[in-house]
Amino acid sequence: MSLFSPRRKAPAASPVRQRFGTDVAARLDADPMVERAAIPAAQVYYRPDFLDAATCARLIDTIDTNRRPSTLLSDRNDQNFRTSDSCDMDRWSADIQPIDTGIADLLGIDPAHGETMQGQRYAPGQHFRAHHDYFHESESYWPRMVKEGGQRTWTAMIYLNDVTEGGATWFPQAGIKVAPRRGLMLIWNNMNPDGTPNELTIHEGMPVVEGVKYIVTKWFREGRWIK
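Residues numbered from 1 in each chain as written. Predicted model: local features only at pLDDT ≥ 70, side-chain atom pairs only at ≥ 80, totals over all residues. Heavy atoms only, no water.

S.K.: Teacher, can you tell me more about the packing of aromatic side chains here?
M.R.: Aromatic ring pairs: the centre-centre distance and the angle between the two ring planes describe each pair. Per the counting criterion, the structure on display carries four aromatic pairs. Between Tyr-45 and Trp-154 the ring centres are 6.2 Å apart and the planes differ by 45 degrees, which places this aromatic pair in the tilted class. Of this pair, Tyr-45 sits in strand E3 (residues 44-47) while Trp-154 sits in strand E8 (residues 152-159); the two residues are 109 residues apart in sequence, bridging distant segments of the chain. Like Trp-154, Tyr-45 is buried. Taking the centre distance of 5.0 Å and the plane angle of 85 degrees together, the rings of Phe-171 and Trp-188 count as edge-to-face. Of the two residues, Phe-171 is situated in strand E10 (residues 169-171) and Trp-188 in strand E12 (residues 185-189); the sequence distance between them amounts to 17 residues. Note on Phe-171: relative accessible area 1%, which makes it buried. The ring of Tyr-122 carries Lys-213 above its face, with NZ or CZ at 4.7 Å from the centroid. (Phe/Tyr/Trp six-rings, centres within 6.5 Å; stacked < 30°, edge-to-face > 60°. Helix = DSSP H or I, 4+ residues; strand = E, 2+ residues; numbered from the N terminus. Buried < 20%, exposed > 50% of the residue type's maximum accessible area, 1.4 Å probe, protein only. Lys NZ or Arg CZ within 6 Å of the ring centre and 35° of its normal.)

If you want it as structure tokens, here you go:
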């Protein structure tokens, strides 16, 4: 994930990213299991019960077994900005591949555009400060991202458990806050309708107060991430 930072030059509109936004939104709007959030600022969707309890439990075990301190993709070095643990999932394993493919199928995106699914664990007090999932072209990492599939378009995040208190995903500028609920997938487009980055998608993983929060996140690129 990338941090929020002012841009030196506004990115140009992108027909490719615009098509991603239009096509995925049309697919989600046509799915009776998916609900669109009633906000004008961004394309945000809910898919309840995407994963069952047993699958969520297996993913939690995987995260606990393989977790490491979360890192930042940024030119800054703020150790208190993201304090969770993370786990990169093996997308080809028998337990992970059906989930990975299922997310791509729901959105109607070629799985080759999807990054490796990442698990995250938030203990009490841990958080992820306000940030964007899209990449900022003014950051030094941008040329490498271009070679690795380009800009992020859609994000799909699944909550693996209920949390007693705290841990909501908050979009302060878009005006939406989502509490963790086991099996719920939260989906949003990081771009505007014209394919430029949507600054209003800035969001925060709020501190957990009581309990432990587990999620998995899948990001999709405008180009192929798997070569």
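S.K.: What is the right way to read the sheet that holds strand E4 (residues 68-69) from this model?
M.R.: For sheets, the rule is that strands pair by backbone hydrogen bonds, running either parallel or antiparallel. Read across the sheet, eight strands follow the order E2-E3-E12-E8-E15-E6-E5-E4 without closing on themselves; strand pairing throughout is antiparallel. Whereas interior strands pair on both sides, the edge strands pair on one side only; in this sheet they are strand E2 (35-36) and E4. Summarising the sheet, strand E5 (residues 85-88) and strand E6 (residues 118-122) pair through four bridges and their orientation is antiparallel. Bridge pairing in E6 places Asp-85 opposite Arg-121. Taken strand by strand, helix H2 (residues 53-66) contacts E4, E5, E6, E8 and strand E15 (213-221), and its axis lies near 90 degrees from that of E15. (Pairing = 2+ DSSP bridges. Contact = heavy atoms within 4.5 Å. Axes fitted to C-alpha atoms, helices over the stretch in contact; angles between N-to-C directions.)

S.K.: What's the story with the packing of helix H1 (residues 15-29) against helix H3 (residues 97-107) in this structure? I'm lost.
M.R.: Helix-helix packing is described using two parameters, namely the angle between the two axes and the distance between the axes. Two numbers describe how H1 lies on H3: the axes approach to 8 Å, and their chain directions differ by 95 degrees. Comparing the axis directions of H1 and H3 gives the class roughly perpendicular. Together, Val-24, Arg-27 and Leu-28 of H1 and Asp-105, Leu-106 and Leu-107 of H3 make up the contact between the two elements. By residue class, the composition of the contact of H1 with H3 is four nonpolar, no polar and two charged. (Parallel < 35°, antiparallel > 145°, perpendicular 65-115°, else oblique. Nonpolar A, V, L, I, M, F, W, Y, C, P; charged D, E, K, R; others polar.)

S.K.: Just checking my understanding: could you explain the pattern of salt bridges for this structure?
M.R.: Pairs can form between side chains of opposite charge once their charged atoms are near each other. On inspection of all chains with the given rule, the structure shows 11 salt bridges. For Arg-67, the salt bridge goes to Asp-64, with nearest N and O atoms at 3.9 Å. For Arg-67, a relative accessible area of 35% corresponds to the partly exposed category. With relative accessibility at 32%, the residue Asp-64 sits in the partly exposed group. Note that Asp-85 is salt-bridged to Arg-67, the shortest N-O span being 2.3 Å. Here Arg-67 lies in the loop between H2 and E4 and Asp-85 lies in strand E5, a separation of 18 residues in the sequence. Residue class for Asp-85 comes out buried when judged on its relative accessible area of 13%. (Salt bridge = Lys/Arg side-chain N within 4 Å of Asp/Glu carboxyl O.)

S.K.: For this particular structure, what's the right way to read unusual backbone geometry?
M.R.: The phi angle of most residues is negative, glycine excepted, and most peptide bonds adopt the trans form. For Asp-49, which is not glycine, the phi torsion reads 55 degrees and is therefore positive. If you trace the backbone, Asp-49 turns up in the loop between E3 and H2. Given the relative accessible area of 59%, Asp-49 is considered exposed.

S.K.: I keep staring at the nonpolar core and nothing clicks. Help me out?
M.R.: With 31 residues, the main nonpolar core has Ile-103, Leu-107, Trp-154 and Leu-160 as its most contacted residues. Those elements that place two or more of their residues in this core are H1, H2, H3, E8, E12 and E15. Discounting chain neighbours no more than four positions away, the residues touching Leu-160 are Leu-51, Cys-56, Leu-59, Ile-60, Ile-63, Arg-182, Tyr-214, Ile-215 and Val-216. Ranked by size, the runner-up nonpolar core spans 21 residues in total, among them Ala-41, Val-44, Tyr-122 and Leu-186. (Core = buried A, V, L, I, M, F, W, Y, C linked by side-chain atoms within 4.5 Å.)

S.K.: Sorry, what's going on with the side chain of Arg-221 here?
M.R.: The residue Arg-221 is located in strand E15 in this model. A distance of 2.9 Å separates the side chain of Arg-221 from the backbone oxygen of Glu-148, its partner in a polar contact. Those residues in contact with Arg-221 that sit more than four places away from it in its chain are Phe-20, His-113, Glu-115, Phe-135, Met-145, Glu-148, Gly-149, Gly-150, Gln-151, Arg-152 and Thr-153. (Polar contact = N/O pair within 3.5 Å; in protein donor to acceptor, adjacent residues only side chain to side chain.)

S.K.: Just to check I follow, could you spell out the pairing of E3 for this structure?
M.R.: On a regular strand, each side chain points to the face opposite its neighbour's, so the side chains alternate between the two faces of the sheet. Because side chains alternate across E3, one face comprises the buried residues Val-44 and Tyr-46, and the other comprises Tyr-45 and Arg-47, equally buried. When E2 meets E3, the two strands line up antiparallel, connected through two bridges. Residue pairing across strands places Glu-35 opposite Tyr-46, the latter belonging to E3. Across four bridges, the pairing between E3 and E12 is antiparallel.

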